[in-house]
6 protein chains.
Amino acid sequence: MRPSAREANELRPVTIERHYTMHAEGSVLISCGNTKVLCNASIEDRLPGWLRGSKQGWVTAEYGMLPRSTNSRMGREAARGKQGGRTLEIQRLIARSLRAVVDLKALGERVITVDCDVIQADGGTRTASITGAYVAMYDAIDSLVKDGTLKHNPIHGQVAAVSVGIFKNQAVLDLDYPEDSNAETDMNIVMNDGGHFIEVQGTAEGHAFRRDELNELLDLGESGIRQLIDHQNQALAK
Amino acid sequence: MRPSAREANELRPVTIERHYTMHAEGSVLISCGNTKVLCNASIEDRLPGWLRGSKQGWVTAEYGMLPRSTNSRMGREAARGKQGGRTLEIQRLIARSLRAVVDLKALGERVITVDCDVIQADGGTRTASITGAYVAMYDAIDSLVKDGTLKHNPIHGQVAAVSVGIFKNQAVLDLDYPEDSNAETDMNIVMNDGGHFIEVQGTAEGHAFRRDELNELLDLGESGIRQLIDHQNQALAK
Amino acid sequence: MRPSAREANELRPVTIERHYTMHAEGSVLISCGNTKVLCNASIEDRLPGWLRGSKQGWVTAEYGMLPRSTNSRMGREAARGKQGGRTLEIQRLIARSLRAVVDLKALGERVITVDCDVIQADGGTRTASITGAYVAMYDAIDSLVKDGTLKHNPIHGQVAAVSVGIFKNQAVLDLDYPEDSNAETDMNIVMNDGGHFIEVQGTAEGHAFRRDELNELLDLGESGIRQLIDHQNQALAK
Amino acid sequence: MRPSAREANELRPVTIERHYTMHAEGSVLISCGNTKVLCNASIEDRLPGWLRGSKQGWVTAEYGMLPRSTNSRMGREAARGKQGGRTLEIQRLIARSLRAVVDLKALGERVITVDCDVIQADGGTRTASITGAYVAMYDAIDSLVKDGTLKHNPIHGQVAAVSVGIFKNQAVLDLDYPEDSNAETDMNIVMNDGGHFIEVQGTAEGHAFRRDELNELLDLGESGIRQLIDHQNQALAK
Amino acid sequence: MRPSAREANELRPVTIERHYTMHAEGSVLISCGNTKVLCNASIEDRLPGWLRGSKQGWVTAEYGMLPRSTNSRMGREAARGKQGGRTLEIQRLIARSLRAVVDLKALGERVITVDCDVIQADGGTRTASITGAYVAMYDAIDSLVKDGTLKHNPIHGQVAAVSVGIFKNQAVLDLDYPEDSNAETDMNIVMNDGGHFIEVQGTAEGHAFRRDELNELLDLGESGIRQLIDHQNQALAK
Amino acid sequence: MRPSAREANELRPVTIERHYTMHAEGSVLISCGNTKVLCNASIEDRLPGWLRGSKQGWVTAEYGMLPRSTNSRMGREAARGKQGGRTLEIQRLIARSLRAVVDLKALGERVITVDCDVIQADGGTRTASITGAYVAMYDAIDSLVKDGTLKHNPIHGQVAAVSVGIFKNQAVLDLDYPEDSNAETDMNIVMNDGGHFIEVQGTAEGHAFRRDELNELLDLGESGIRQLIDHQNQALAK
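These figures come from a predicted structure and were not determined experimentally.

Remarks on the overall build of chain A
Alright, step 1. Tallying secondary structure elements over chain A gives six helices and nine strands in all.
Alright, step 2. When the backbone C-alpha atoms are referred to their principal axes, chain A occupies close to 50 × 40 × 35 Å.
Alright, step 3. Per-residue burial for chain A yields a buried fraction of 63% across its 238 residues.
Alright, step 4. Partitioning the contacts of chain A with sequence separation of at least 6, the portion at a separation of at least 24 is 69%.
Alright, step 5. Accessible surface, chain A: about 9200 Å² in total, of which carbon and sulfur atoms supply 46%.
Alright, step 6. Measuring between centres, the 27 positive side-chain charges of chain A sit 6 Å from its 32 negative side-chain charges.

Some words on the environment of Arg18 of chain F
Residues and elements named next belong to chain F.
Alright, step 1. Its location among the elements puts Arg18 in strand β1 (residues 14–18).
Alright, step 2. Taking the C-alpha atoms as reference points, Arg18 and Glu62, separated by 44 residues in sequence, lie 19 Å from one another.
Alright, step 3. Ignoring any residue separated from it by four or fewer positions in sequence, one finds Arg18 in contact with Ser27, Val28, Val135, Asp139, Ala235, Leu236 and Lys238.
Alright, step 4. In this structure the side chain of Arg18 is engaged in a polar contact, spanning 2.9 Å, whose partner is the side chain of Asp139.
Alright, step 5. Within the structure, the side chain of Arg18 is placed 3.4 Å from the backbone oxygen of Leu236, a separation counted as a polar contact.

Quick notes on the UniProt feature "binding site: phosphate" (unreviewed entry) in chain A
All names here are of chain A.
Alright, step 1. Per the UniProt record, the feature "binding site: phosphate" (unreviewed entry) sits at Arg86, Gly124, Thr125 and Arg126. The greatest C-alpha distance among the residues just named is 13.3 Å, despite their covering 41 residues of sequence, which places them together in space.
Alright, step 2. Note on placement: Gly124 falls in the loop between β5 (111–120) and α4 (125–146).
Alright, step 3. Once you skip the residues sitting within four places of it in the chain, Gly124 turns out to touch Arg12, Thr35 and Leu175.
Alright, step 4. Relative to the assigned elements, Arg126 resides in helix α4.
Alright, step 5. By relative accessible area, which is 18% here, Arg126 ends up buried.
Alright, step 6. Beyond its immediate chain neighbours, meaning those up to four positions away, Arg126 contacts Arg86, Glu89, Ile90, Leu93, Asn188 and Gln201.

So, the UniProt feature "domain: Exoribonuclease phosphorolytic" (unreviewed entry) in chain A
Residues and elements named next belong to chain A.
Alright, step 1. UniProt tags residues 10–140 and 158–223 as "domain: Exoribonuclease phosphorolytic" (unreviewed entry).
Alright, step 2. Across residues 10–140 one finds 30% helix and 31% strand; the C-alpha atoms that close the span lie 31 Å apart.
Alright, step 3. The distance from the first to the last C-alpha atom of residues 158–223 is 15 Å, and the span holds 26% helix and 44% strand.

What about the environment of Ile166 of chain D?
All names here are of chain D.
Alright, step 1. Within the secondary structure, Ile166 sits in strand β6 (residues 159–167).
Alright, step 2. On the basis of relative accessibility, which here comes to 5%, the residue Ile166 falls in the buried class.
Alright, step 3. Separated by 26 residues in sequence, Ile166 and Ala140 place their C-alpha atoms 37 Å apart.
Alright, step 4. Aside from chain neighbours lying at most four places away, what touches Ile166 is Ala171, Ala183, Glu184, Thr185, Glu213 and Leu217.

Quick look at the relation of the copies chain B and chain A
Alright, step 1. Once chain B has been moved 0.0 Å along the axis and rotated by 180 degrees, it coincides with chain A to within an RMSD of 0.0 Å. In short, the pair behaves as if placed about a two-fold rotation axis. Among all residues of chain B, the one whose C-alpha sits closest to the rotation axis is Ala78 of chain B, at a distance of 1.8 Å.
Alright, step 2. A share of 100% of interface residues in chain B that are also interface residues in chain A marks the association as one of identical surfaces.

Side note on the sheet that holds β1 of chain F
All names here are of chain F.
Alright, step 1. Read across the sheet, five strands follow the order β1-β2-β3-β5-β4 without closing on themselves; strand pairing throughout is mixed. Since the sheet does not close on itself, it has two edges, and those belong to β1 and β4 (58–65), each with one partner. Ignoring which end each strand starts from, the neighbouring axes of this sheet average 15 degrees apart.
Alright, step 2. Looking at chain direction, β4 and strand β5 (residues 111–120) are connected through eight bridges and run parallel. Paired with Met65 across the bridge in β5 is Val118.
Alright, step 3. Across the sheet, helix α4 (residues 125–146) touches β1, β2 (26–32), β3 (35–44), β4 and β5, and the angle it forms with β3 is around 35 degrees.

Remarks on the interface of chain B and chain A
Alright, step 1. At the junction of the two partners, chain B supplies 38 residues and chain A supplies 38 residues.
Alright, step 2. Buried surface at the junction of chain B and chain A, summed over both partners, amounts to about 2900 Å²; 49% is from carbon and sulfur atoms.
Alright, step 3. Among the residues chain B hides against chain A, the three largest losses belong to His23, Arg68 and Arg73 of chain B. Together they make up 26% of the total.
Alright, step 4. Our count for the contact surface shared by chain B and chain A stands at 23 residue pairs in polar contact (both at pLDDT 80 or more).
Alright, step 5. For the side of chain B that touches chain A, the secondary-structure elements that each account for two or more residues are β3 (35–44), β4 (58–65), α1 (77–80) and β5 (111–120) of chain B.
Alright, step 6. Residues of the side of chain B that touches chain A, tallied by class, amount to 14 nonpolar, 13 polar and eleven charged.

Remarks on the side chain of Asn40 of chain A
Alright, step 1. By the secondary structure assignment, Asn40 of chain A is in strand β3 (residues 35–44).
Alright, step 2. According to the relative accessible area criterion, Asn40 of chain A is buried, its value standing at 3%.
Alright, step 3. A polar side-chain atom of Asn40 of chain A sits 2.7 Å from a polar atom in the side chain of Ser27 of chain A.
Alright, step 4. Beyond its immediate sequence surroundings of up to four residues, Asn40 of chain A is in contact with Thr21, Ala24, Gly26, Ser27, Thr113, Val114 and Asp115 of chain A together with Arg68 of chain B.

Concerning the packing of helix α6 (residues 211–237) of chain B against helix α6 (residues 211–237) of chain C
Think of two packed helices as two axes; the pair is described by the angle between the axes and how far apart they sit.
Alright, step 1. One way to put it is that α6 of chain B packs onto α6 of chain C with a least axis distance of 13 Å and a crossing angle of 155 degrees. Classified by the angle between their axes, α6 of chain B and α6 of chain C sit roughly antiparallel to one another. Where α6 of chain B crosses over α6 of chain C, the two elements pack in a sense that is right-handed. Of the residues in α6 of chain C, those touching α6 of chain B at Arg211, Leu214, Asn215, Leu218, Asp219 and Glu222 of chain B are Arg211, Leu214, Asn215, Leu218, Asp219 and Glu222 of chain C.
Alright, step 2. Partitioning the contact of α6 of chain B with α6 of chain C into residue classes produces four nonpolar, two polar and six charged.

So, the confidence of the model for chain A
Alright, step 1. Overall, the predicted model of chain A reaches an average pLDDT of 97, with 100% of residues at or above 70.
Alright, step 2. The ipTM assigned to the predicted complex is 0.96, against a pTM of 0.94.

Structural notes on the environment of Val114 of chain D
Alright, step 1. Counting through the fold element by element, Val114 of chain D comes out in strand β5 (residues 111–120).
Alright, step 2. Every residue in contact with Val114 of chain D, bar those within four places of it in the chain, is listed here: Cys39, Asn40, Ala41, Thr60, Ala61, Glu62, Leu98, Ala133 and Met137 of chain D.

Considering the nonpolar core
Alright, step 1. Core analysis: the biggest nonpolar cluster contains 140 residues, and Met137 of chain B together with Met137 of chain C have the highest contact counts within it.
Alright, step 2. When residues no more than four places from it in sequence are discounted, the contact partners of Met137 of chain C are Ala41, Val59, Leu98, Val101, Val102, Ile112, Val114 and Ile155 of chain C.
Alright, step 3. In this structure, Val28 and Ile225 of chain E together with Ile155 and Phe197 of chain F belong to the second largest nonpolar core, which totals 139 residues.

Some remarks on the packing of aromatic side chains
Residue and element names in this part refer to chain F.
Alright, step 1. Enumeration according to the criterion identifies 18 aromatic pairs over all chains in this entry.
Alright, step 2. Taking the centre distance of 4.9 Å and the plane angle of 85 degrees together, the rings of Trp50 and Trp58 count as edge-to-face.
Alright, step 3. What makes Trp50 exposed here is its relative accessible area of 58%.

Thoughts on the pattern of salt bridges
Alright, step 1. Taken as a whole and assessed by the stated rule, the structure comprises 132 salt bridges over all chains.
Alright, step 2. A salt bridge links Glu199 of chain B to Arg96 of chain B; the nearest nitrogen and oxygen atoms lie 2.7 Å apart. Of this pair, Glu199 of chain B sits in strand β9 (residues 197–204) while Arg96 of chain B sits in helix α2 (residues 85–99), and the two are 103 residues apart along the sequence. Each member of the pair, Glu199 of chain B as well as Arg96 of chain B, carries the same accessibility label: buried.
Alright, step 3. A salt bridge links Arg12 of chain F to Asp122 of chain F, with the nearest nitrogen and oxygen atoms 3.8 Å apart. Within this pair, whereas Arg12 of chain F is found in the segment before β1, its partner Asp122 of chain F is found in the loop between β5 and α4, the two being separated by 110 residues in sequence. Take Arg12 of chain F and Asp122 of chain F: they sit in the same class, and that class is buried.
Alright, step 4. Ionic contacts of the salt-bridge type, sharing partners, join the residues Arg2, Arg6, Arg12, Asp122, Asp174, Asp176 and Glu179 of chain A into one network.

Quick notes on the rules
- Residues numbered from 1 in each chain as written.
- Chains lettered and ligands numbered in written order.
- Predicted model: local features only at pLDDT ≥ 70, side-chain atom pairs only at ≥ 80, totals over all residues.
- Heavy atoms only, no water.
- Helix = DSSP H or I, 4+ residues; strand = E, 2+ residues; numbered from the N terminus.
- Buried < 20%, exposed > 50% of the residue type's maximum accessible area, 1.4 Å probe, protein only.
- Contact = heavy atoms within 4.5 Å.
- Areas by Shrake-Rupley, 256 points an atom, 1.4 Å probe, with all protein chains shown as cover.
- Lys, Arg positive; Asp, Glu negative; His and termini not counted.
- Charge placed at Lys NZ, Arg CZ, Asp CG, Glu CD.
- Polar contact = N/O pair within 3.5 Å; in protein donor to acceptor, adjacent residues only side chain to side chain.
- UniProt positions renumbered as here; feature names shortened; annotations may be inferred.
- Least-squares fit on C-alpha atoms with pLDDT ≥ 70 in both.
- Pairing = 2+ DSSP bridges.
- Axes fitted to C-alpha atoms, helices over the stretch in contact; angles between N-to-C directions.
- Buried area = accessible area lost by both parts, 1.4 Å probe.
- Nonpolar A, V, L, I, M, F, W, Y, C, P; charged D, E, K, R; others polar.
- Parallel < 35°, antiparallel > 145°, perpendicular 65-115°, else oblique.
- Left-handed = near helix turned anticlockwise from the far one by under 90°.
- pLDDT = per-residue confidence, 0-100.
- Core = buried A, V, L, I, M, F, W, Y, C linked by side-chain atoms within 4.5 Å.
- Phe/Tyr/Trp six-rings, centres within 6.5 Å; stacked < 30°, edge-to-face > 60°.
- Salt bridge = Lys/Arg side-chain N within 4 Å of Asp/Glu carboxyl O.

Here's what the structure looks like:
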């Protein structure tokens, strides 16, 4: 029995609110149960130095948790003077996932930065960030298509992410914090709308996991991501 | 004529939502027009080193702007590795304002930290932070009274803040960004519910201001703060 | 009775020594009683990146305290790896005050930086810095007029600053450290030679202050600044 | 055809030299082809603050690349003032992998730190680090068993790691740099001697990968790790 | 002919003002020609962590240059966020030189920190710092003897320093900036009142120097330091 | 009797392995007894900003110790976020020593960086670094001569370094760690192949040293450096 009484293959309720803030070219508040992440996509016309003259664009991401998004207050990274390893690891993952579905040459010489700021955390913040960031990025890039800056949309696929894990010897989908902090294995899966993998990251927190367990987790992840892609499409259809 | 078509002495619409996030002991989303600040108050039982053995508590604050809370994206302070001068100045102001209404000895050996994170900015973020932070701090401290940790509430006053300024030669209340960025004089006023001043900070951005202009601004500020204190009381009465 | 036996409206003895060090284009040691600040104004021909191509100049300031300018030794900010919030707040104030009397377009594409380094502290270091920095900046800019680089002096006003406060229920002018550390209200006032306000920053350290107390403080401040402007003029006349 | 003319399932030559430096309790130079990593395991008797009183030990790792371990010189992280995201990500991976085979309670109140410094890089530095770090950690802990400090060896499994990837549409084992920098999919696999997974991290660098490709990569990885575990055992038998 | 028209073996005029600032236990302004350094010695009763329980004290030093102590303005180290290599090297040298004449056990569990801040630079700031710092340290420690805290003075020698160098093929004493910036060899010599060496640091800036040149420089240095020790004694006798 | 049973004027066994790693233009592992330093020389075609347009090149050096190169583990400088004073001091010394034998104009607009990383430390790491760095720099620059980039070799001398000191009242050559940590005087000497001095740095760790002791140390240093230059030449002749 899961703490939330969900079925093993049951996602938490998902909501995706677009146009959440007024300044960003794409702005999405995604909620996966009690996990809430604000994803703001910004378009900037200047390139990082190492890309100048390359005739291509770039997509990047930054991730942060508000100090009291968590159960006990965490020190503010800006005050400590550096971003922790977990933060850097997560924002690199988000950025790679987004770049996997964008044609950077077709994007042109501009940078899309998606800021994923966790307002409230209850497990799965990095996967919620990816799922929400895709929608924010879509809206930002779509604004370039709509105003004629881009003739063709450089996005060539859709991306979403979910966590799976082994909790009390059972493979479960979309772990919340009580599950996540007690899971024996924790895996984050990023897939596109073609059902192919963009990123798979599995970690044994307790005992090492077997190949058949890995397969069960991948099956659960695939089913979850199909549903998340539907949620994205419903949000984008509004 | 103000860009927002408001009267010179008219506040923007104010909303104060309590219990906005689930983990913080006090959590308030305050909106002053399009300016939205999330104020989370946290209680921690350990004291900073310089207060150990002092038999008193402390109230502090931190302030941050989400990178895309503003019209063009600002670099993330955590990524740049330090908080800017404006950020430090604002969080020191918020903290002083809150401490002005709390009896630190009666609070006991604990720290209240109020994190003010700007979700969306349209001028007046520091004054909105103070007005919202008071309510978040109240809820946090009240939880200590309700659970019997504190016998008496150590809060001995109420605090709110507003900006005033001279825009196109007219004294106006509660400047939004289009006004703020063109004001000749900009003043932030922090007062308590007794109508006394906790902080007054006025800056000539254009021409130096005369004593009679200063008096007009103080009058406007007093009237605005009386209304904001009513908004706080209505929110706390719910 | 004030600890220094001064009258309520009495400044400490002021001395302003010009040409104090030999390298800076303007160099002033200002003493306000035991508070001594060295103000060095430097002219540099390169602009900060955000001003390039703007056909205007800039005036900025930096502030520091020698580690043993104070009663007990403070850690050196260079060794700690960052400037504290108080330092940043003060240097922003000094710079704004100086810019309020300079026509930046007429200054041309150059930067004036005034370094205010506290040699000995006894209260009022930020206001002494402003009063001394004006004279140092004047000498630096005047050297550009004298050597023909500038045809007209871009300084269009004079600026000085003083602290006032409520000590033992009495409004007093120009607080020294024993007063400052026990004041109920502390206010820094920056004015020009026309008697108008450039900056007003008042903080209730103890009880909140009333409107009539604020007015009394402003009166004291005005009288003090008139005297400081005389001191500046006497120094510049030598 | 692979650039190195190896078979798809062929590891590069592996050598594991123990007692490579004289001060560390465990010191191993591992070579996987031209990739050379020095792994030094240190025992320290003091615990990090958050573990004090917990009656358990800790295993951690740090990773670094010498500036000219790579084809073109990289800036020294110590000079830049911070460790990059990739570095932090890798050292977290190494540490998790080692902790997966150690009983931290049985280790007692001490810390094992394994420093993995890349002397020469040609792809696969993180997996070589894990494979070498296990042997260094074994030697360090074994010294505690041999001198009677520990009655039982707290290591309850063996761990090794290898990279696999899809290069020119073919799944290949143990990528060198020319393959790694052109791979469409890159996966790092960490397994124990029971054939179970400790960590699986797969990233689509080009096209997203299919489930059957993932399976092929996992098969290759399993076969490679079996051989690496043999290499470890041969080294430890000397 | 030296730019200053001095003889090869002639020091610049030296003045040593004691009790220069009012807070420090020892405070000295030393002038060697146009080089002026403020040396403040502070006594603190707490020890650095690594000395706790050692029943001995410590003497340390910090060095800084005011941004406009030099001909063109240098960036402030506090603003850049770190002390440069030259600064660290100099303050380590000053501290070693002072410790060479103090019995740290007899000093007891306290730290003497001597802050050497360069007010005006014209060559030889590090050697002036050492010569001045000795007097400031003497006054600070002497205050502990006078108030009975220490029964015996733990200072067992006197220390002073001077620069020598080869300028236009001639060995010269006490280089000023025009000489220093064009010297072929530059040497800093620290000696005690017994005529023995505490530190010798010679650097060929142009051609490598011969043994006989080195001997000539050492002779000059010895004669200069004898005079500086006399200056210290005269200052201390006042 | 020295702990190593060496004669007072006896160097430790020296080996210099060239082409130690495969990427660097010059790569040397130097061993002086148990002290082992990897010196990698890199050629880069871009100049630091302050040299642009100067029609000359630059030679610089960086120094680091692997965390467990020493008897007890030192914190990693990259993790602490800054290089310590000792590190900066040493790398400045190495760089000055190398520049003393290179004609920077003849080198052309490029930078040679020599990274000296201590693999194993047993005293004398800075002098071993200089001796090894010369050979690495030679190989790097020679590659520019061999491929025709440079017509003439801009190296106009040879440089090597050794430590000398007073251990148990006897002057000894090439101190190992047991001697170094107990020496009364410690001196590092850098000389060229003409027998002239490039750098002399002597420090009294215990009692101040006399002129005759200094002379004895210089004699020992000269004899050691002659041998080290022979070792360099033999290595370069292979």
